Every structure is written in C-alpha cells, then in structure tokens.
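Results of the structural survey
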Amino acid sequence: GNVCGVFWDLENLNPNSYHNGHNDMSLADGVRKLKKNLVKYGEIQSFRAYADLSRINAKTRDQLHLLGIALIDVPGHRKEAADKAMIVDMLIFALDNKIPATLILLSGDG
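From a predicted model like this one, the values you see are computed outputs, not experimental measurements.

Parameters and conventions
- Residues numbered from 1 in each chain as written.
- Predicted model: local features only at pLDDT ≥ 70, side-chain atom pairs only at ≥ 80, totals over all residues.
- Heavy atoms only, no water.
- Helix = DSSP H or I, 4+ residues; strand = E, 2+ residues; numbered from the N terminus.
- Buried < 20%, exposed > 50% of the residue type's maximum accessible area, 1.4 Å probe, protein only.
- Contact = heavy atoms within 4.5 Å.
- Areas by Shrake-Rupley, 256 points an atom, 1.4 Å probe, with all protein chains shown as cover.
- Pairing = 2+ DSSP bridges.
- Axes fitted to C-alpha atoms, helices over the stretch in contact; angles between N-to-C directions.
- Core = buried A, V, L, I, M, F, W, Y, C linked by side-chain atoms within 4.5 Å.
- Lys, Arg positive; Asp, Glu negative; His and termini not counted.
- Salt bridge = Lys/Arg side-chain N within 4 Å of Asp/Glu carboxyl O.
- Polar contact = N/O pair within 3.5 Å; in protein donor to acceptor, adjacent residues only side chain to side chain.
- Expected span 1.5 Å × (residues − 1).

1. A closer look at the overall build of the protein chain
Along the backbone of the protein chain there are three helices and four strands. Helices and strands appear in the protein chain in the N-to-C order β-α-β-α-β-α-β. Going through the 110 residues of the protein chain one by one, you find that 34% of them count as buried. A sequence separation of at least 24 residues applies to 71% of the contacts in the protein chain between residues at least 6 apart. Of the roughly 7000 Å² of accessible surface on the protein chain, 53% is carried by carbon and sulfur atoms.

Have a look at this one:
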C-alpha cells in the first residue's frame, strides 16, 4: 500500500511555539491530529524530527519520543545542518519507497 514519511524541522517549527495563549491544544493532541489527517496518504513509515536537541527541553523531547517520533540530533554549530540532514533522509526515503510514496515536510522556513 501507500506509505508516507514525515520530516519535521523542529528548529523552524518548534512545538513549544504553539502555546501562545490562542491554542490550548497539547503537543500530544496536535501530533495525534496530524497523524489522523495524514492517513489519507498511507501508512506513516517514518516520522523524524530534526534539531539541536540541547535546545529542546527534556519534557518536549520525552513527549515526542513517546509519540513515536524519531529525534535526530543535529548539533547547531553548522549553518542549516538540520536542513541538510533532512534532505539526505528524504532522498533515502524516496529511493527506498516506490511510487506512490508521499513526503511530508513540516517547517517554518519561508
């Protein structure tokens, strides 16, 4: 069947940024809602999040891990290191999965 891979740039779309007083949805609820909406693209075969994990608080890291998201540590001393790591993983996913496979990129980059 169809599969999809989700690649989340935590540095440009930080889960803590949702708690701005206008949205009471928890991180867990948000990820569950996202997963439910992605079912139409197929089974989520890979769900990865990229960041310098030293910049993400322990509670958030634990929540993401419990939600089945693989955390990829990309130390922040190189510019756009997370972007480059994501691109490599997306390419590998695309090569490993036959069409129709869907790539989903979660990022705040313009």
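This is not the end of the story, as more comes after the structure.
2. Comments concerning the sheet that holds strand β3 (residues 70-73)
The strand order across the open sheet formed by four strands is β3-β2-β1-β4, and the pairing between neighbours is parallel. Both edges of this open sheet fall to β3 and β4 (101-106), since each of them pairs with a single strand only. Averaged over all pairs of adjacent strands, the angle between their axes in this sheet comes to 20°, without regard to strand direction. In this structure, strand β2 (residues 43-51) lies alongside β3, joined through four bridges in parallel fashion. Its bridge partner lying in β3, R48 is registered against A70. Sheet strands touched by helix α3 (residues 81-96): β1 (3-9), β2 and β4. Its angle to β1, the strand with the most contacts, is close to 175°.

3. Re unusual backbone geometry
Cis geometry is found at the peptide bond from I99 to P100, where omega equals 5°. Structurally, the position occupied by P100 is in the loop between α3 and β4.

4. What about the nonpolar core?
Nonpolar side chains in soluble globular proteins tend to end up buried together. Within the largest apolar cluster, 18 residues are counted, with the highest numbers of intra-cluster contacts made by W8, L10 and I69. Listed by contribution, the elements that provide at least two residues to this core are β1, α1 (27-38), β2 and β4. No other element matches the four residues that α1 contributes to this core. Once residues within four sequence positions are removed from consideration, W8 is found in contact with L13, P15, L27, V31, F47, R48, A49, Y50, L64, I69, M86 and L106. If you look at the next biggest cluster of nonpolar residues, it comprises nine residues, including V74, A81, M90 and F93.

5. A closer look at the side chain of D9
The residue D9 is located in strand β1 in this model. R55 provides the closest opposite charge to the buried, unpaired D9, separated from it by 9.3 Å. Of the polar contacts made by the side chain of D9, one reaches the backbone nitrogen of E11; its length is 3.1 Å.

6. Describing α3
Each α-helix turn comprises 3.6 residues. Residues three or four places apart therefore point the same way. A rise of 1.5 Å per residue sets the reference length of α3, with its 16 residues, at 22 Å; its end C-alpha atoms lie 23 Å apart and thus fit the reference within 8%. Listed as buried for α3 are A81, A82, D83, M86, D89, M90 and F93. Where the residues of α3 are buried, they touch β1, β2 and β4.

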